[in-house]
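Report on the structure
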Amino acid sequence: MSEIIISSPAPMELDLHKYMHKDRSGKIKIAAKSKSSIAIRLTILVLFVLTVYAFISFDYKNINFAQSVAATWENVKVLFGQPRLTYNSFGGAMHALLVTFSLGVLSTIFGAILAFFGALLCAKNIANPAVSNVIKSLVAFIRAVPTILWVLIFTVAAGLGSVAAVVGLTFHSAAYLIKAYSESIEEMDQGTIEALRASGANFWQIVFQAIFPASLSYMTAWTFLRFEINFTNAIAVGAAAGAGGIGYDLYMAGSFYFDLHELGFITYVVVIAVILLEMLATKIKAKVR
Amino acid sequence: MENNKKLKENISIFTKRKQTFTLAFLGVIVLFGLASFITNFNVIEGFESIPKAVVWIATNLVPNEKSWSRLPNILSKLIETALLSVAVTVCAGICAFFFSLLGTRATRINPWIGRIVRFIAAFFRNVPDVVWAMLLLFSFGQNILTGFFALFFTTFGMLTRTFIETIDEVSSQCVEALTATGSNYIQTVFQGIVPSAMSEIVTWVLFMIETNIRSSTLIGVLTATGIGYIFDLYYKRLDYGAASLVVISIVVLVIGIELISNQIRKVIM
């Protein structure tokens, strides 16, 4: 039987100077300088420099700042203090709100359907890598173009109206949701997919028995988030591209009738609608989870 | 017996799931039908418009020789827009940080002030930037400050909410520890909250810069300033070559910023 030699451990030496740094004045440094904290400081510094440069470089056209701020304050008081409808009836405003809501619904449904299949082609754990890369770049491109530009572009091709608004909004939401859905598919447990594949399940069986149930709660959360975004986008698009709905009423009140009272009333309608939607979304998300 | 009962339960779970799915599916279809009816949306027309639009984009929306001469003008507006969204986000971020300290569970002075802060943040977040833009157009006119303040208010609301959530999530424990060791309010904020929440905060600021570039295009269309205005101008003059150059430059800028912020995020997270 060979003897087992257990070497006694070397005496521990606590090299304090290795861990404890002192600065010039002899103070002990307590914060470690990591790569991340340097990066954060550098980012903040660059952003500050850019901000200062921005304020220097802006062309203010000799605006009287104090006077403008005072005028703004007066307008804010009228806008939020005395909301009143003159050109629109209350029913008309509600109908316009319903139109905007419907634009949001349509573009979210289309966007979600497109994005579900797009995400299947795009998620790294189930898709072909070449196809995935192509779709990811396409999606990045579509997302980079502002929604309003998509709607304006489709307005020329499809004419002014709901079609251009819905298709334009759908483009952006599909691209956004493809990214969100594919990330939630990529996060799911690879073992489930492998187990199903090993037991001979085909692609669609894997999709509907493993991927869909596993990522359903994430997808619902993302879809509702996108619906809220689509609703606000539908307002913006209605204002800037004449696509109808409450956004168009906002635009007419603000830039055509110059009526702050009306603008205020419609703003209140919009804000209440958005807050109600947020509450509804929270409830549905809690149910799915 | 026992097994049978379990099996039955399992089956009822599946049928229940099926029922919920069918109900949800039917609900979506009804919602779709109603929405199409209200907006006069025609599905066939919608699908037909996509190839039409693609053809139109491919034939018209390409830069031509004439449009390259407008490039210096476009680039100067593009840089202005980029700087605007950085400046807006940084200013709103600083204000939102100090404001959110009054709203977090760990640092608020009392629960009522916390509630008021959350309410104010919700207000600024939910009033559409379109409204701010039109309101400010009355008093500031076609000025870069119109876009600045319109974006500022919504960014401020957005960032206040996310900062409150981030700080609550990240630093409630370290605040407790610091308070227990007897540090005062300012020490708690700068030694506890700032270091632990800073990476998240920077990430959110970078994300908002990207979002604000897109929003400022829209506000530009409405208030006749910046990159949105020159797109609208070229587009309405039917100078599609120059308009396409505007689109391409926005895409390059947004993707560039996205790539940079992804890199930064990778290092700091």
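My aim in this report is to walk through the structure given alongside it, one point at a time. All values reported here derive from a predicted model rather than from experimental measurement.

**Quick word on a nonpolar patch on the surface**
- Together, A:Phe48, B:Ile94, B:Phe98, B:Tyr185, B:Ile186 and B:Phe190 line one region of the surface with nonpolar side chains, adding up to about 600 Å² of accessible area.
- Listing elements by their share of the nonpolar patch, those giving two or more residues are α4 (71-101) and α8 (185-223) of chain B.
- A total of three residues in the nonpolar patch trace back to one element, the largest contributor, which is α8(B).
- Mapped onto the secondary structure, B:Tyr185 falls in helix α8.

**As for the nonpolar core**
- In terms of nonpolar packing, the biggest core is built from 149 residues, with B:Trp132 and B:Phe148 touching the most fellow members.
- Residue contributions to this core peak at 15 residues, all from α4(B).
- Taken domain by domain, the makeup of this core includes at least three residues from each of domain 1 (2-60) and domain 2 (65-268) of chain B.
- When near neighbours in sequence (up to four residues on either side) are disregarded, B:Phe148 contacts A:Phe55, B:Leu84, B:Ala87, B:Val88 and B:Cys91.
- With six residues, the next largest nonpolar core counts A:Ile40, B:Val202, B:Leu206 and B:Ile264 among its residues.

**Details of the environment of B:Glu176**
- Topologically, B:Glu176 is positioned in helix α7 (residues 144-180).
- Separated by 34 residues in sequence, B:Glu176 and B:Gln142 place their C-alpha atoms 49 Å apart.

**Some words on the packing of helix α10 (residues 246-256) of chain A against helix α6 (residues 129-140) of chain B**
- Viewed as axis vectors pointing N to C, α10(A) and α6(B) meet at an angle of 5°, and their least axial separation amounts to 10 Å. It follows that α10(A) is roughly parallel to α6(B) by the angle criterion. Of the residues in α6(B), those touching α10(A) at A:Leu250, A:Tyr251, A:Gly254 and A:Ser255 are B:Val131, B:Met134 and B:Phe138.
- Looking at the contact of α10(A) with α6(B), its residues break down into five nonpolar, two polar and no charged.

**Observations regarding unusual backbone geometry**
Residues and elements named next belong to chain A.
- Although it is not a glycine, lysine 61 adopts a positive phi angle of roughly 55°.
- When you line up the elements, lysine 61 lands in the loop between α2 (35-57) and α3 (65-81).
- Since its relative accessible area comes to 52%, lysine 61 is described here as exposed.
- Unusually for a residue other than glycine, asparagine 62 sits at a positive phi of about 50°.
- Summarising the element assignment, asparagine 62 is placed in the loop between α2 and α3.

Cut-offs used in this document
Residue numbers restart at each chain and count upward from 1, following the sequence in its written direction. By the order in which they are written, chains take letters starting at A while ligands take numbers starting at 1. Since the coordinates come from a predicted model, pLDDT governs what is reported: local features require at least 70, and pairs of side-chain atoms require 80 or more to be given and counted, while whole-chain, interface and lining totals use all residues. The basis for every side-chain value is the complete set of heavy atoms in the structure, and neither hydrogens nor water enter the calculation. Each patch groups residues whose relative accessible area exceeds 30% and which form no salt bridge, using 9 Å between like charges and 5 Å between nonpolar side chains of Val, Leu, Ile, Met, Phe, Trp and Tyr. Areas reported here follow the Shrake-Rupley algorithm with a probe of radius 1.4 Å; residue values treat only the protein chains shown as occluding. Put simply, a salt bridge is a Lys or Arg side-chain nitrogen that is within 4 Å of an Asp or Glu carboxyl oxygen. Helix numbers and strand numbers start at the N terminus; a helix is a DSSP run of H or I with at least 4 residues, a strand a run of E with at least 2. Here, the term nonpolar core denotes a set of buried Ala, Val, Leu, Ile, Met, Phe, Trp, Tyr and Cys residues that are joined through side-chain atoms within 4.5 Å. Note on exposure labels: buried denotes an accessible area under 20% of the residue type's maximum, exposed denotes more than 50%, and partly exposed covers the range between, all computed with a 1.4 Å probe on protein chains only. Domain limits in this description derive from either an automatic procedure or a database domain assignment. Contact definition: two residues touch when any of their heavy atoms are within 4.5 Å. The angle between two axes is taken between their N-to-C directions and runs from 0 to 180 degrees, where each axis is a line fitted to C-alpha atoms and a helix contributes only its stretch in contact. Roughly parallel means an angle under 35 degrees; roughly antiparallel, over 145; roughly perpendicular, 65 to 115; everything else is oblique. Each residue receives one of three labels: charged for Asp, Glu, Lys and Arg, nonpolar for Ala, Val, Leu, Ile, Met, Phe, Trp, Tyr, Cys and Pro, and polar for the others, Gly being one of them.

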